[in-house]
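Inside the fold
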Amino acid sequence: MGTVTKKQYEFALARVEELLPLVNDDTATNDKNAVELTLLSEIIIDYENEHFPIGKPTVAELIKSSLEEKGMTQKQLAREVGVSPSRINDFVAGRSEPGLKTAGSICRILGIQPAAMLGC
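All figures in this text were calculated on a predicted structure; none of them were measured in a lab.

Now for the overall build of the chain. Regarding its fold elements, the chain presents seven helices and zero strands. Counting helices and strands in the order they occur from the N terminus, the chain gives α-α-α-α-α-α-α. In summary, the chain has a C-alpha radius of gyration of 21 Å against a globular reference of 14 Å for 120 residues, an excess of more than 25%. In terms of principal-axis extent, the alpha carbons of the chain reach across some 60 × 30 × 20 Å. Buried residues in the chain amount to 31% of all 120 residues. Put simply, 53% of the contacts in the chain that link residues at least 6 apart link residues at least 24 apart. A total of about 8,300 Å² of accessible surface is found on the chain, and carbon and sulfur atoms cover 53% of it. Positive and negative charge centroids in the chain, built from 13 and 17 side chains respectively, lie 13 Å apart.

Once that is clear, we can look at the packing of aromatic side chains. Scanning all chains against the criterion turns up two aromatic pairs. Consider the rings of Tyr-47 and Phe-52, whose centres lie 6.2 Å apart with planes at 65°: the pair is edge-to-face. Residue classification places Tyr-47 among the buried residues on the basis of a relative accessible area of 6%. Phe-52 sits in the partly exposed class, given a relative accessible area of 49%. Members of the aromatic cluster, each reached through a chain of ring pairs, are Tyr-9, Tyr-47 and Phe-52.

This part is about helix α5 (residues 85-93). Inspection of α5 places Ile-88, Asp-90, Phe-91 and Val-92 among the buried residues, and these make up the whole buried set. In this structure, the buried residues of α5 make contact with α3 (59-70), α4 (74-81) and α6 (100-110). Two residues or fewer past α5, Gly-94 is found with a positive phi of approximately 80°.

Moving on to the environment of Leu-67. With respect to the element layout, Leu-67 can be found in helix α3. When residues no more than four places from it in sequence are discounted, the contact partners of Leu-67 are Met-72, Thr-73, Gln-74, Leu-77, Val-92 and Leu-110.

To continue, consider helix α2 (residues 32-51). Over its 20 residues, α2 runs 29 Å from end to end, which matches the ideal 28 Å to within 8%, given 1.5 Å per residue. For α2, the full list of buried residues reads Asn-33, Ala-34, Leu-37, Leu-40, Ile-44 and Tyr-47. For α2, the angular spread of buried residues about the axis comes to 150°, placing them on one side. Those residues of α2 hidden inside the fold are in contact with α1 (6-19).

This brings us to the packing of α1 against α2. Two elements in contact, α1 and α2, have axes separated by 9 Å at closest approach and are oriented at 140°. Accordingly, the angle class assigned to the pair α1 and α2 is oblique. Handedness of the α1/α2 crossing: left-handed. Counted together, Lys-6, Tyr-9, Ala-12, Leu-13, Arg-15, Val-16 and Leu-19 of α1 and Asn-33, Glu-36, Leu-37, Leu-40, Ile-43, Ile-44, Tyr-47 and Glu-48 of α2 form the full contact between these two elements. Of the residues that constitute the contact of α1 with α2, the class distribution is 10 nonpolar, one polar and four charged.

Criteria and thresholds
Residues numbered from 1 in each chain as written. Predicted model: local features only at pLDDT ≥ 70, side-chain atom pairs only at ≥ 80, totals over all residues. Heavy atoms only, no water. Helix = DSSP H or I, 4+ residues; strand = E, 2+ residues; numbered from the N terminus. Rg over C-alpha atoms; globule rule 2.2 N^0.38 Å. Buried < 20%, exposed > 50% of the residue type's maximum accessible area, 1.4 Å probe, protein only. Contact = heavy atoms within 4.5 Å. Areas by Shrake-Rupley, 256 points an atom, 1.4 Å probe, with all protein chains shown as cover. Lys, Arg positive; Asp, Glu negative; His and termini not counted. Charge placed at Lys NZ, Arg CZ, Asp CG, Glu CD. Phe/Tyr/Trp six-rings, centres within 6.5 Å; stacked < 30°, edge-to-face > 60°. Expected span 1.5 Å × (residues − 1). Arc of directions from axis to C-beta. Axes fitted to C-alpha atoms, helices over the stretch in contact; angles between N-to-C directions. Parallel < 35°, antiparallel > 145°, perpendicular 65-115°, else oblique. Left-handed = near helix turned anticlockwise from the far one by under 90°. Nonpolar A, V, L, I, M, F, W, Y, C, P; charged D, E, K, R; others polar.

Written as structure tokens, this is what we have:
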């Protein structure tokens, strides 16, 4: 698709609001409303990716959010990884990043995709 203008983006947003109540999981994929909704969604995504890019989370953010999701403390993670709690705190605070072996252990324990930890 070409560059989407702000006016086109705003039109797409408004039209999606109108279409959402008309399309559900039972709607055929070739239904005109479903097709229009898909196309408008792509326009919105393209515009937002260009104008509101979301940065990848930092290693610190990944570890912190994963700890919260698991309901785990930094101390518990440190014990499972085999490093001091202060090292985990350094990672969460963004003062340092784990080496490859430690990062691998953290990924395994917290269920983080290794590619995310590597910034891919």
